[in-house]
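Notes for the structure review
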Amino acid sequence: MKVHILDDWFDTLQGLPCFRLLDGHEVTVWTDHEADEAALAARLQDADALVLFRERTNVTRGLLERLPNLRLISQRGVWPHVDVEACTDHGVLLCSNTGADGANYAAAELTFALILAAMRQLPQQMASAKAGRWQMGVGRTLRGRTVGLYGYGRIGRVVADYARAFGMNVVWWASEAGRESARAAGEHVAESREAFFANSDVVSLHLRLTSETRGIVTSDDLAVMSPRAVLVNTSRAGLIAPGALLNALNAGRPGMAAIDVFDKEPMIDPKDPLLTHPNLFATPHIGFVTEDEFDKQFADIFDQVNAFAEGHPIHMVNAVVHHQ
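Throughout this document, residue positions are counted from 1 along each chain, in the order its sequence is written. Only residues with pLDDT of at least 70 get local features here, since the model is predicted, and only at 80 or more are side-chain atom pairs given and counted; chain-wide, interface and lining totals rely on the full set of residues. Computation of side-chain values: all heavy atoms of the structure, hydrogens and water removed.

**Considering unusual backbone geometry**
That bond from Arg253 to Pro254 is cis: its omega, 0°, falls within 30 degrees of zero. Strands are runs of DSSP state E lasting at least 2 residues, helices are runs of H or I lasting at least 4, and numbering of each runs from the N terminus. With respect to the helices and strands, Pro254 occurs in the loop between α10 (244–251) and β10 (256–259). Cis geometry marks the peptide bond from Glu265 to Pro266, where omega comes out at 0°. On the secondary structure map, Pro266 appears in the loop between β10 and β11 (280–282). The phi torsion at Arg54 lies on the positive side, around 50°, for a residue other than glycine. Relative to the elements of secondary structure, Arg54 occurs in the loop between β3 (49–51) and α2 (61–65).

So, in structure tokens, the structure goes:
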């Protein structure tokens, strides 16, 4: 098949072991991001299969209408960026592995790196040292402080292990089912949602972005956080209600935020009011950006491509297309 891979910005995949899974296919790798729909469609005219790099490109009805040869979209994780109904209407099968084994350790590691960076003022201290000014302030120790983890999933549980290794107290909040699972595992669940946000020194979000979780963290949630607390988000920006984080930082509750995700990505506006906020620590959506995580995730994706080519597709989202 003619397989096109989008948005491999640093041309990483061709050097990973998983890429050999595509031997026998005609593969084109695009290392830049094309935002213009017409220009993108022109690139993909001969594509039988399209491999997505997480949510870097939206697959709209308009794009699909311009791709009459497309038969498969292969990706991993959830798909808020893909118009599934339009895929079905155009006979395009969407395959995505959402139940892959193992946690995303890369995302968990970055989460804890952001917690440390915020609590120990690492960006400011490093900038001060390089400018010849030596120390610029006094940080805070993690041991004995409380981290609140919102979402009782695999990544959150790994972050909890890291936090305990640093001597932190771990408290949870989640859906009703998630809270029950946490209690059954002997974990400490907050008495209430308000207590969770109010009593945590660090709150870290670990939820999938779905129609049910979009905007689940509200201005009211943030308003009860301590002026000395840190909000961490390495999951998805859409979990927080639009504009709520910037307003909260302006109000001083929480006092800091450390994020890896933005409502609009890539975030390349150096004057964006959230990006430039003095109490924001930011990284450019690198939670999953490690060679190890890429190799694991794209092995799943390329297995889906091969299964489709062999006539036995797996991880089908809109299976009706296969049965038509």
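Next comes the rest of the description.
**Overview of the packing of aromatic side chains**
Where two aromatic rings form a pair, the distance of their centres and the angle of their planes describe that pair. Note on aromatic pairs: the rings of Phe, Tyr and Trp (six-membered ring only in Trp) are paired at centre separations within 6.5 Å, and the planes decide the class, stacked below 30 degrees, edge-to-face beyond 60, tilted for the rest. As enumerated under the stated definition, the model contains 13 aromatic pairs in all. Centre to centre, the rings of Tyr150 and Phe196 are 6.0 Å apart; their planes meet at 80°, and the pair counts as edge-to-face. With Tyr150 in strand β6 (residues 146–150) and Phe196 in helix α8 (residues 193–199), this residue pair connects regions lying 46 residues apart in the sequence. As far as the burial class goes, Tyr150 and Phe196 line up, both buried. Judged by centre distance (5.8 Å) and plane angle (50°), the rings of Phe298 and Phe302 are tilted. Remark: Phe302 and Phe298 occur in helix α11 (residues 291–309); sequence separation between them is 4 residues, near one turn of the helix. The rule is simple: take the accessible area with a 1.4 Å probe, protein chains only, and divide by the maximum for that residue type; under 20% is buried, over 50% is exposed, in between is partly exposed.

**Thoughts on the sheet that holds strand β7 (residues 169–173)**
DSSP calls a pair of strands paired once it identifies at least 2 bridges connecting them. Taken in spatial order, the 6 strands make up an open sheet running β7-β6-β8-β9-β10-β11, and their pairing is parallel. Each edge of the sheet is formed by a strand with only one pairing partner; in this case those strands are β7 and β11. Taking the axes of each pair of neighbouring strands and ignoring which way they run, one obtains an average angle of 15° across the sheet. A contact between two residues is defined here by any heavy atoms of the two lying within 4.5 Å. To obtain an axis, a line is fitted to C-alpha atoms, over the contacting stretch when the element is a helix, and the angle between two such axes runs from 0 to 180 degrees between their N-to-C directions. The sheet strands contacting helix α6 (residues 154–165) are β6 and β7, and the helix crosses β7 at an angle near 160°. Contacts from α10 reach β9 (230–233), β10 and β11 within the one sheet, and its direction differs from that of β10 by about 145°.

**Some thoughts on the environment of Ala42**
Structurally, the position occupied by Ala42 is in helix α1 (residues 37–43). Ala42 sits 24 residues away from Arg66 along the chain, and the two C-alpha atoms are 8.2 Å apart.

**Quick look at the sheet that holds strand β4 (residues 72–76)**
Spatial strand order, β2-β1-β3-β4-β5: 5 strands in an open sheet with parallel pairing. Of all strands in the sheet, those with a lone pairing partner are β2 (26–29) and β5 (93–97), marking the two edges. Averaged over all adjacent pairs, the angle separating strand axes in this sheet is 20°, with direction ignored. As paired strands, β4 and β5 are joined by 5 bridges and run parallel to one another. What sits directly across from Gln75, in β5, is Ser96.

**Some remarks on the pairing of β5**
Along β5, 5 of the 5 residues are buried, which leaves the element largely enclosed by surrounding structure. Burial along β5 is two-sided: the residues Leu93, Cys95 and Asn97 and Leu94 and Ser96 are all buried. When the strands point away from the viewer, a crossover counts as right-handed if the path from the first strand over the helix to the second runs clockwise. Read as a crossover between parallel neighbours, the route from β4 over helix α3 (residues 84–89) to β5 is right-handed.

**Observations concerning the environment of Val51**
Turning to its location among the elements, Val51 is positioned in strand β3. In sequence terms Val51 and Ile301 are 250 residues apart; their C-alpha atoms lie 7.5 Å from each other.

**Topic: the pairing of β7**
Burial analysis of β7 places 4 of its 5 residues in the buried class, the great majority of the element. One ladder, built from 5 bridges, connects β6 with β7; its direction is parallel. Following the sheet pairing, Gly148 is matched in β7 by Val171. Of the crossover connections in this fold, the one passing from β6 over α6 to the parallel β7 is right-handed.

**Remarks on the packing of helix α4 (residues 105–119) against α6**
Remark: α4 packs on α6, axes separated minimally by 9 Å, with the N-to-C direction vectors making an angle of 45°. Relative to α6, the element α4 lies oblique. Judged by the twist between their axes, the crossing of α4 over α6 is right-handed. Between α4 and α6, the contacting residues are Tyr105, Ala107, Ala108, Glu109, Thr111 and Phe112 on the first element and Ile155, Val158, Val159, Tyr162 and Ala163 on the second. Residues are sorted three ways: Asp, Glu, Lys and Arg are charged, Ala, Val, Leu, Ile, Met, Phe, Trp, Tyr, Cys and Pro are nonpolar, and all the rest, Gly among them, are polar. Taken together, the residues of the contact of α4 with α6 sort by class into 9 nonpolar, 1 polar and 1 charged. What sets the label is the angle itself: under 35 degrees gives roughly parallel, over 145 gives roughly antiparallel, 65 to 115 gives roughly perpendicular, and the rest give oblique. Note on convention: the crossing is left-handed when the near helix lies turned anticlockwise from the far helix by less than a right angle, right-handed when the turn is clockwise.

**Some words on the pattern of salt bridges**
Salt bridges are counted wherever a side-chain nitrogen of Lys or Arg sits within 4 Å of a carboxyl oxygen of Asp or Glu. Counted by the stated rule, this structure contains 11 salt bridges. With a closest N to O distance of 2.8 Å, Arg43 and Asp32 form a salt bridge. Highlighted residues: Arg43 in helix α1 and Asp32 in the loop between β2 and α1, separated in sequence by 11 residues. In this structure Asp32 comes out as partly exposed when scored by relative accessible area, which is 35%. Across the pair Arg164 and Asp161 runs a salt bridge, and its minimum N-O distance is 3.8 Å. Remark: Asp161 and Arg164 occur in helix α6; sequence separation between them is 3 residues, near one turn of the helix. One network of salt bridges, in which partners are shared, links Asp161, Arg164 and Glu187.

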